[in-house]
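# Overview (structure and organization)
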Amino acid sequence: GESVGLHLPTLSVQEGDNSIINCAYSNSASDYFIWYKQESGKGPQFIIDIRSNMDKRQGQRVTVLLNKTVKHLSLQIAATQPGDSAVYFCAEIGSGGGADGLTFGKGTHLIIQP
Amino acid sequence: NAGVTQTPKFQVLKTGQSMTLQCAQDMNHEYMSWYRQDPGMGLRLIHYSVGAGITDQGEVPNGYNVSRSTTEDFPLRLLSAAPSQTSVYFCASSYSLRGPYGYTFGSGTRLTVV
């Protein structure tokens, strides 16, 4: 079936470095993508979204890149801080039929090393 | 504070018992949805609603019922609890299916069925 997934379950980076978290999706009809951050014991927190008519979108210290040709999404976090430690999920919605809600990947655990 | 409020935060049920998980939002969002999150996995859609009086099934609807009598509230009912329903449940709301600003999630209800 169609799914959204992440390449690595754990990513360890040095404090101050840039982090890149990747996501592959298989539904070519997906037209809206969201990155979420989830800290232990909390609900997912919206980071940034992007629509399929865009290739790049920037927020505060974060950038999302969308490559529709290879169906790949990435989240870049600049100057990673200890507070960035969390699990990061990509999620997508397709423009086709089926259940109308987000399809989540399994998540990448970002670990910040001092 | 504006947001999505879920109650209770924790619940233990015996197999066969029924209960209702409450979800309320004060942002006048039309779209609301319920997800479950199992260990090491992303969230999966249970049921969703695009407005008061309108509900539909998601990816994993079996064993759950929903109703949407008001814009603010979207309760999730477990009809006859089973150990397989042990999970963390999240309610989310949004202006529309495709955002903007993604979906706002509640802090979750941790349910254990024994």
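Throughout this description, residue numbers start from 1 for each chain and increase along the sequence as written. Here the convention is simple: chains get letters from A, ligands get numbers from 1, in the order in which they are written. pLDDT decides what is reported in this predicted model: residues at 70 or higher carry local features, side-chain atom pairs at 80 or more are listed and counted, and totals for whole chains, interfaces and linings draw on all residues regardless. Working from all heavy atoms in the structure, the side-chain values ignore hydrogens and water.

### Looking at the overall build of chain B
- Numbering of helices and strands starts at the N terminus; helices are DSSP runs of H or I of at least 4 residues and strands are runs of E of at least 2. Counting secondary structure elements, chain B contains zero helices and eleven strands.
- Along chain B, helices (α) and strands (β) appear in the sequence β-β-β-β-β-β-β-β-β-β-β when read from the amino end.
- As a reference, a globule follows 2.2 Å times the number of residues to the power 0.38, and the radius of gyration itself is taken over C-alpha atoms. Taking 2.2 N^0.38 as the reference for a compact globule, 114 residues should give roughly 13 Å; the C-alpha atoms of chain B span a radius of gyration of 13 Å, in line with that estimate.
- Judged by the C-alpha coordinates and their principal axes, chain B covers about 40 × 30 × 25 Å.
- Each of the 114 residues in chain B was classed as buried or not, and the buried ones make up 49%. Only protein chains enter the accessibility calculation, which uses a 1.4 Å probe; a residue whose area is less than 20% of its type maximum is buried, one above 50% is exposed, and one in between is partly exposed.

### Side note on the interface of chain B and chain A
- In this assembly, 24 residues from chain B lie in contact with 23 residues from chain A.
- Buried area between chain B and chain A, both sides added, is near 1,700 Å², and the carbon and sulfur share of it is 57%.
- Looking at the side of chain B facing chain A, the largest losses of area belong to B:Leu43, B:Arg98 and B:Phe105, adding up to 32% of the total buried there.
- Any carboxyl oxygen of Asp or Glu within 4 Å of a side-chain nitrogen of Lys or Arg constitutes a salt bridge here. Summed over the shared surface of chain B and chain A, the result is one salt bridge.
- Residue A:Asp31 is joined to B:Arg98 by a salt bridge in which the shortest nitrogen-to-oxygen separation is 2.8 Å.
- Two N or O atoms form a polar contact when they lie within 3.5 Å of each other; inside protein one atom must be a possible hydrogen donor and the other a possible acceptor, and for residues adjacent in sequence the pair counts only when both atoms belong to side chains. Seen at the junction of chain B and chain A, the total is six residue pairs in polar contact (both at pLDDT 80 or more).
- Elements with a contribution of two residues or more to the side of chain B that touches chain A: β4 (31-37) and β5 (43-51) of chain B.
- Each residue gets one label: Ala, Val, Leu, Ile, Met, Phe, Trp, Tyr, Cys and Pro are nonpolar, Asp, Glu, Lys and Arg are charged, and the others, such as Gly, are polar. Within the side of chain B that touches chain A, the residues separate by chemical class into twelve nonpolar, nine polar and three charged. Every residue pair with non-hydrogen atoms within 4.5 Å of one another is taken to be in contact. Here the quantity called buried area is the accessible surface, traced with a 1.4 Å probe, that two parts lose on coming together, added over both.

### A word on the state of the cysteines
- Cysteine sulfur atoms are paired as a disulfide whenever they come within 2.5 Å of each other. Scanning all chains against the criterion turns up two disulfides over all chains.
- Residue A:Cys23 pairs covalently with A:Cys90 via a disulfide, S to S 1.9 Å. Measuring the twist about the S-S bond at about 55°, one finds the A:Cys23-A:Cys90 disulfide to be right-handed. With A:Cys23 in strand β3 (residues 19-25) and A:Cys90 in strand β9 (residues 86-94), the pair connects residues that are 67 residues apart, well separated along the chain. Across the pair, A:Cys90 and A:Cys23 agree in class, each one buried.
- Across the disulfide, B:Cys23 is cross-linked to B:Cys91 (sulfur-sulfur distance 1.9 Å). One disulfide, between B:Cys23 and B:Cys91, carries an S-S torsion of -70° and so falls in the left-handed class. Linking B:Cys23 in strand β3 (residues 19-25) with B:Cys91 in strand β9 (residues 87-94), this pair joins segments that are 68 residues apart in sequence.

### Considering the packing of aromatic side chains
- Paired rings are identified among Phe, Tyr and Trp, the last through its six-membered ring, by centres lying within 6.5 Å, and are further divided according to the angle between planes into stacked (under 30 degrees), edge-to-face (over 60) and tilted (the rest). The final tally for this structure, using the stated rule, is eleven aromatic pairs over all chains.
- Three or more aromatic residues link up through ring pairs in this structure, and these residues are A:Tyr36, A:Phe46, A:Phe89, A:Phe104, B:Tyr35 and B:Phe105.

### Structural notes on the sheet that holds β3(B)
All names here are of chain B.
- When DSSP finds two or more bridges between two strands, those strands count as paired. Sheet architecture is open: four strands sit in the order β1-β3-β8-β7, paired in antiparallel fashion. At either margin of the open sheet sits one strand with a lone partner, and together these are β1 (4-7) and β7 (64-66). Each strand axis lies, on average, 20° off the axis of its neighbour in the sheet, ignoring direction. Comment: axis = line fitted to C-alpha atoms, over the contacting stretch for helices; angle = value between 0 and 180 degrees taken between N-to-C directions.

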